[in-house]
Amino acid sequence: MSDGVVIRAVGLKKYFSAGSGLWGRRKVFVKAVDGVSFEGRQGETLGLVGESGCGKSTVGMLLSGLHRPEAGRVFYRGQDIMKLDGRERRRMRRNIQVVFQDPQSSLDPRMLIKKAVGFPLEVNRLARGAEVTRRVEAMLAEVGLRPEHMYRYPHEFSGGQRQRINIARALITGPQFVVLDEPTSALDVSVQAQILNLIKDLQRRRGYSYLFISHDLSVIRHVSHRVAVMYLGRIVESAPRRQLFSAPRHPYTRALMAAVPTPDPTRRRPLALLPGDVPSPVHIPPGCRFHPRCSEALDVCRHVEPTEVPVGSDHWVACHLWGGGA
């Protein structure tokens with residue numbers, strides 16, 4: 001493993017039980033994540049994008065240890081997290097933190113901000129007493145809040161301020177890798193820009209590595225260094241940001257980009273709409289998962305699932321159009 005890789009996911013799978021099939025003869029499973037591999041590098045943001053229900057948030061929960069995978073491995077700086085015992089795993093979690101989508105439900109309404117932000121220090125035995133207060137005050141300052149905010153409750157803040165508090169709580173243990181699960185989607189557009197700029201500024205100053213999960217390509221383009229495109233439990237394309245947006249190779253990636261409206265009235269173009277809905281993760285189509293909605297599908301796409309092939313520098317695509325045969 002290269003020294004620049006902070007976290008590596010290898011063949012992650014996560015299935016959820018959806019009850020029994022017809023007549024109760026067999027169990028039915030939702031294949032939320034079905035063989036996902038990628039790496040997060042030091043000081044970089046990997047954007048993970050795809051339609052709702054494709055498994056993006058489940059990937060984040062697997063990396064942070066909030067879900068255990070059915071198969072696959074997660075390596076933190078070369079160490080297999082799945083092989084750690086309970087005490088070692090708790091210690092490891094200091095280095096991998098999460099910022100959730102909804103800033104309101106992520107905070108206990110009965111808990112002072114001082115307690116909410118400082119609790120990770122106490123539970124990980126990193127500080128206590130006056131030291132907790134000092135570090136909470138310093139962390140709130142990092143995210144643009146004042147010392148007196150420590151002694152207020154979540155309902156006394158705006159949505160943007162609450163998300164700043166959640167970011168402070170995630171960063172107070174000094175993590176190396178942070179999962180940002182749609183951290184701006186519940187906020188007003190003007191506040192979104194402030195939070196995104198804060199996230200980028202913290203990364204420049206502290207060297208954090210991020211997995212930024214979103215369904216919004218414009219947000220992904222703004223914050224990411226590299227981008228992975230996910231569809232129905234699998235990554236279908238990954239590349240450096242500029243390369244992906246200038247030369248997308250997978251039909252699904254191109255369709256996502258074509259569906260984004262342009263703000264320039266002089267560059268009007270018809271919006272491309274993907275036909276149909278994302279198939280059920282309970283009944284995944286044979287062959288390429290995207291073929292029922294793909295206008296470029298070949299006969300082989302209906303029978304053989306494509307494998308990842310390189311199509312450029314650090315650019316990978318799982319598509320038969322580029323030779324991704326099994």
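Residues numbered from 1 in each chain as written. Predicted model: local features only at pLDDT ≥ 70, side-chain atom pairs only at ≥ 80, totals over all residues. Heavy atoms only, no water.

Asker: So what exactly am I meant to see when it comes to the sheet that holds strand β3 (residues 45-49) here?
Answerer: Note on sheets: strands pair through backbone hydrogen bonds, and any given pair is parallel or antiparallel. The mixed open sheet is built from 8 strands, whose spatial order is β6-β7-β8-β3-β9-β10-β12-β11. Every other strand in the sheet has two partners, leaving β6 (96-99) and β11 (308-312) as the edge strands with one partner each. Taken over all neighbouring pairs, the strand axes of this sheet differ in orientation by 20° on average, direction set aside. As judged from the 6 bridges shared by strand β9 (residues 226-231) and strand β10 (residues 234-240), these two strands associate in the antiparallel manner. Among the inter-strand pairings, A228 is bridged to a residue of β10, identified as S238. (Pairing = 2+ DSSP bridges. Helix = DSSP H or I, 4+ residues; strand = E, 2+ residues; numbered from the N terminus. Axes fitted to C-alpha atoms, helices over the stretch in contact; angles between N-to-C directions.)

Asker: Whenever I open this one, the pattern of salt bridges confuses me. Can you help?
Answerer: Note on pairing: side chains with opposite charge can pair once their charged atoms come close. This model, assessed by the stated rule, comprises 19 salt bridges. Notably, a salt bridge pairs R234 with E305, separated by 3.0 Å at the nearest N-O pair. Placement of R234 in strand β10 and of E305 in the loop between α9 (251-258) and β11 is noted, with a sequence separation of 71 residues between them. The class of E305 is partly exposed, set by a relative accessible area of 28%. By sharing partners, the salt bridges in this structure join E142, D201, R204, R205 and R206 into a single network. (Salt bridge = Lys/Arg side-chain N within 4 Å of Asp/Glu carboxyl O. Buried < 20%, exposed > 50% of the residue type's maximum accessible area, 1.4 Å probe, protein only.)

Asker: What am I meant to see in the environment of P251 here?
Answerer: Within the secondary structure layout, P251 lies in helix α9. With 45 residues separating them in the primary sequence, P251 and E296 have C-alpha atoms 7.4 Å apart. With sequence-adjacent residues up to four places away left out, P251 is seen in contact with F290, C294, E296, C319 and L321. (Contact = heavy atoms within 4.5 Å.)

Asker: I would appreciate a short explanation of unusual backbone geometry in the present structure.
Answerer: For residues besides glycine, phi is generally negative; the peptide bonds are generally trans as well. Positive phi outside glycine occurs at E182, with the angle close to 45°. Along the chain, E182 turns up in the loop between β7 (177-181) and α6 (189-206). The backbone of L232 sits at a positive phi, close to 50°, despite the residue not being glycine. Its location among the elements puts L232 in the loop between β9 and β10.

Asker: Honestly, the layout of surface pockets in this entry has me stumped. Any pointers?
Answerer: It is the rolling of a water-molecule-sized probe over the atoms that shows where space remains empty. Space inside the largest pocket adds up to approximately 680 Å³. Lining the largest pocket are 17 residues, and of these R90, R93, Q97, V123 and N124 sit closest to its centre. Of all the secondary-structure elements, those providing two or more residues to the lining of the largest pocket are α2 (86-93), β6, α3 (113-123) and α5 (159-171). Here the lining of the largest pocket gets 4 residues from one element, more than from any other, and that element is α2. Considering only residue class, the lining of the largest pocket consists of 7 nonpolar, 3 polar and 7 charged. (1 Å grid on protein atoms, 1.4 Å probe; cavity = no way out; pocket = protein on both sides within 12 Å on 5 of 7 lines; lining within 4 Å. Points joined across faces, edges and corners; volume = space filled by probe spheres on them. Nonpolar A, V, L, I, M, F, W, Y, C, P; charged D, E, K, R; others polar.)

Asker: Before we go on, may I ask you to explain the nonpolar core in this structure?
Answerer: Soluble globular proteins tend to pack their nonpolar side chains together in the buried interior. Core analysis: the largest hydrophobic core is formed by 53 residues, its most contacted members being V117, L140, V143, I167, L202, F212 and V229. Tallying contributions element by element places α6 first for this core, with 6 residues. In this structure V229 touches V49, R234, I235, V236, E237, L244, Y252, T253 and L256, once residues within four positions along its chain are discounted. Membership of the second largest hydrophobic core comes to 29 residues, among which are L12, F38, L46 and L211. (Core = buried A, V, L, I, M, F, W, Y, C linked by side-chain atoms within 4.5 Å.)

Asker: For this particular structure, what's the right way to read empty space enclosed by the protein?
Answerer: Applying the stated rule across the entire model yields 3 cavities of 30 Å³ or more. Volume-wise, the largest cavity comes out at about 60 Å³. What lines the largest cavity is simply H250, P251, C288, C294, E296, A297, C301, C319, H320 and L321. Among the residues making up the lining of the largest cavity, the classes are represented as 7 nonpolar, 2 polar and 1 charged. In this structure, the second largest cavity encloses a volume near 40 Å³. Here the element with the most residues in the lining of the second largest cavity is α2; it accounts for 3 residues. Broken down by class, the residue content of the lining of the second largest cavity amounts to 4 nonpolar, 2 polar and 2 charged.

Asker: Which parts of the structure should I look at to understand the pairing of β11?
Answerer: Consecutive residues of a regular strand have side chains that alternate between opposite faces of the sheet. Strand direction decides the pairing type here: β11 and strand β12 (residues 315-318), joined by 4 bridges, are antiparallel. Bridging from a neighbouring strand, P310 pairs with W316 of β12. Between the antiparallel neighbours β11 and β12 lie 2 residues, among them D314 with a positive phi of about 60°.

Asker: What should I look at first to understand a nonpolar patch on the surface in this one?
Answerer: Nonpolar side chains collect at one region of the surface, where L298, V300, L321 and W322 lie side by side and expose about 300 Å² of accessible area between them. In this structure, L321 sits in the segment after β12. (Patch = residues over 30% accessible without salt bridge, like charges linked within 9 Å, V, L, I, M, F, W, Y side chains within 5 Å. Areas by Shrake-Rupley, 256 points an atom, 1.4 Å probe, with all protein chains shown as cover.)

Asker: Explain the packing of α3 against helix α4 (residues 130-142) to me, please; I cannot follow it from the model alone.
Answerer: Pairs of packed helices are described in terms of their axes, by the angle between the two and the distance that separates them. Direction vectors running N to C along α3 and α4 enclose 115°, while the axes themselves pass 9 Å from each other. When the axis of α3 is compared with that of α4, the two are roughly perpendicular. As α3 runs across α4, the sense of the crossing is right-handed. Contacts from I113, K114, V117, G118, L121 and E122 in α3 reach V132, T133, R135, V136 and L140 in α4. Here the residues of the contact of α3 with α4 sort into 6 nonpolar, 2 polar and 3 charged. (Parallel < 35°, antiparallel > 145°, perpendicular 65-115°, else oblique. Left-handed = near helix turned anticlockwise from the far one by under 90°.)

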